[in-house]
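Listed below, chain by chain, are the residues.
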Amino acid sequence: MDFSSSLKLIAPETTLSVVGLVLLLVAAWAGDKAARAISIAAVAALVGVSFLVAPALCNGAMGPDTVAFLGQFRADAFASFAKLLIYLAAAASLMVAPQFFDRWNAMRAEYPILVLFAALGMGIMVSATDLITLYIGLELNSLAAYVLAAFLRPDNRSAEAGLKYFVLGALASGILLFGMSLTYGFTGTTSFAGINAAVAGELSSGALFGIVFMLAGLAFKISAVPFHMWTPDVYEGAPTPVTT
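A brief report on the enclosed structure follows.

Scoring rules and cut-offs
Residues numbered from 1 in each chain as written. Predicted model: local features only at pLDDT ≥ 70, side-chain atom pairs only at ≥ 80, totals over all residues. Heavy atoms only, no water. Core = buried A, V, L, I, M, F, W, Y, C linked by side-chain atoms within 4.5 Å. Buried < 20%, exposed > 50% of the residue type's maximum accessible area, 1.4 Å probe, protein only. Helix = DSSP H or I, 4+ residues; strand = E, 2+ residues; numbered from the N terminus. Contact = heavy atoms within 4.5 Å. Polar contact = N/O pair within 3.5 Å; in protein donor to acceptor, adjacent residues only side chain to side chain.

Considerations on the nonpolar core
One broad trend across soluble globular proteins is that nonpolar side chains are buried collectively. Counting 37 residues, the largest nonpolar core has Leu16, Ile38, Leu46, Tyr87, Leu94, Phe101 and Tyr111 as its most contacted members. Counting residues per element, the ones that place at least two in this core are α2 (11-30), α3 (35-58), α4 (77-102), α5 (110-127) and α6 (131-149). Broken down by element, this core gets its largest block of residues, 10 residues, from α5. Each residue touching Tyr111, except ones within four places of it in the same chain, is listed here: Ser93, Leu94, Ala97, Phe101, Leu148, Phe151, Pro241 and Val242. By size, the runner-up hydrophobic cluster in this structure holds 11 residues, among which are Tyr146, Ile175, Phe220 and Ala238.

Right under this line is the structure:
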């Protein structure tokens, strides 16, 4: 697939990136007084990109025409379904945020922008067909989430939540990246299909260790047992719209 076709498949991600950067400049110049207007623009952007991904879901897109950038990204119907859920959830968290933050006088212009970039990272993750793409999307989401967890600055619990989330999230990212490097070293590829083919036969001990490290890192990220110890404090301390 040529470069122009790949760019067409990542139109939702490109749109969110451009809108997020433009709104970041607006926030820098206008300040917190433009927070509500930026939130409205962010919701409009999320609704707009929902219309961009909806045709792939309605048409049941699949096959080689949905693969972009030499197999690193797939914009098929399943990914479109997940993106629609992500965008709608992000829009909902933006709509309920002003009423919550106004009670603390803590509404900031950066909040909708961080939610946009978190949604962008999650959208990249669900379309990833390669470890590198997965890691980029995961970290884009995580870096925004670290700040969002500590967004309620007058509340000490929010600062504690952000700090714990950052420290343990960084540890999980290191474990995950180490597992990815091991997996690449013993399978010779970072694509999901290539790794599946490499481990279909006899599984080497190095590849096994790499997969275990990757699963442990992902389990930390999704707070799966027994890697869930950070979740109660972070969910309690983070602002309710952020937890949403």
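Quick look at the side chain of Lys83
Looking at where Lys83 falls in the secondary structure, it is placed in helix α4. Excluding its chain neighbours within four sequence positions, the residues that come into contact with Lys83 are Glu13, Val53, Phe73, Gly123, Val126 and Ser127.

Things to note about the side chain of Ser173
Structurally, Ser173 is set in helix α7 (residues 156-187). The class for Ser173 is buried, based on a relative accessible area of 5%. At 3.0 Å, the side chain of Ser173 forms a polar contact with the side chain of Lys221. If we skip the residues at most four places from it in the chain, Ser173 touches Tyr135, Glu139, Tyr146 and Lys221.

These results come straight from atomic positions and should not be treated as a statement about function.
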